Every structure is written in C-alpha cells, then in structure tokens.
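# Close look at the chain arrangement
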Amino acid sequence: MSLNVKIRPCRSDDAETLVAMIRELAVYEKLEAFAQATPDALRTHLFGPRPSAEAILAEQDGVPVGFALFFSTFSTFRGQPGLYLEDIFVRETHRNRGIGKALLATVARIAVERGCGRVEWSVLDWNAPSIAFYRSLGAEPMDEWTVQRLHEEPLARLAALSPSSFGMTSE
C-alpha cells in the first residue's frame, strides 16, 4: 500500500474535486461527452437531505488522487444489502501505488461493517488493466448477466405508463 495515503469520506466542499476527477475518468473511458456532473448536482445528490450515494476520497500528502463512489443495493435472493461501486478512479500519475486497492479495500470494509453480502461493479470490456486488477483481488465476472439501461426519452416514456393509482409518497 502506498505511503502517506489517507482515505476519507467526501464532504460537500469536495464537490469540485470530484467533478474534476469524474471528467478525467470520462476521458480515460472515452465517454467525456456523457460527463454532465456538476458540483451543485453532487452537493444535492451526495450531501443533500436524501443522499443517493456516498463517495470516499484518496489523498496522498494532502493532494486528492482518487475516489470511489458507491450506493446501497439489495439482493432479494440473499435477503441482504449490498454495495454497488459506481466508479473508482485513480489519477494516472498515481496509479500502481496501491491507491486503487486501498479504495476498494475501504469500500469492502464499509460493506462488511454494514452487513452487506456483496460488492458489485461494472467494468468496460476493453479495460484489460482494470479487469486484471479486479481478478487479482478475487473478483469474479458475471458472464451470464448483461447490463440494461433506460435513460432520457425511453425512461420518461416508460414512467408515463405507470398507473395513476400508484400513489408515491415522500417520507
């Protein structure tokens, strides 16, 4: 593990740093056109009254060098919660120093402490270095599963089909 690495929960004042690293991740994944996160959006959805996800930040000598963003899931088959790792990223100049492993180990510790049965994530199929890294930690591919996604217009169209009798209330 890298010396002088501190992993800590992200705070609202880290929003700009997170957005900068999200953009770096998007460039690495060749998905920069899809990176729409803003500091205000992160402040609302990560640090607002009803957080949708959590993030941890890796700092080396006080400088932000990586992050992991995750949220709670639930397995109906296991009957217990899990964590979904939405993104993990280490800045290029700080890779191969154990920082990614420290971030993943911290997410794993959080999962164990919360009684979660698993941690899951997706990886782009062309990202051989990350896949090799995950396998070295004991991660197993879910080859029989494919990710499905609804967003933008198809999501709105399907939502419009919901029966009006389904009364959603906020807590």
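The structure this text deals with has already been given above.
Below, the structure is looked at part by part. (Residues numbered from 1 in each chain as written. Predicted model: local features only at pLDDT ≥ 70, side-chain atom pairs only at ≥ 80, totals over all residues. Heavy atoms only, no water.)

## Here we look at the pattern of salt bridges
The following threshold applies: We define a salt bridge as a contact between a side-chain nitrogen of Lys or Arg and a carboxyl oxygen of Asp or Glu at a distance within 4 Å. The numbering of helices and of strands both runs from the N terminus, where a helix is a DSSP run of H or I of at least 4 residues and a strand a run of E of at least 2. Here's how the labels work: a residue is buried when its accessible area is under 20% of the maximum for its type, exposed when over 50%, partly exposed in between, all with a 1.4 Å probe on protein chains only.
Taken as a whole, this structure holds ten salt bridges when the rule is applied. The salt bridge involving Arg114 is made with Glu54; its shortest N-O contact spans 2.7 Å. With Arg114 in the loop between helix H3 (99-113) and strand S5 (119-121) and Glu54 in strand S2 (residues 54-60), this residue pair connects regions lying 60 residues apart in the sequence. For Arg114, a relative accessible area of 40% translates into the label partly exposed. Looking at Glu54, the relative accessible area reads 31%, which means it is partly exposed. A salt bridge links Arg157 to Glu153; its shortest N-O distance comes to 3.9 Å. Remark: Glu153 and Arg157 occur in helix H5 (residues 152-160); sequence separation between them is four residues, near one turn of the helix.

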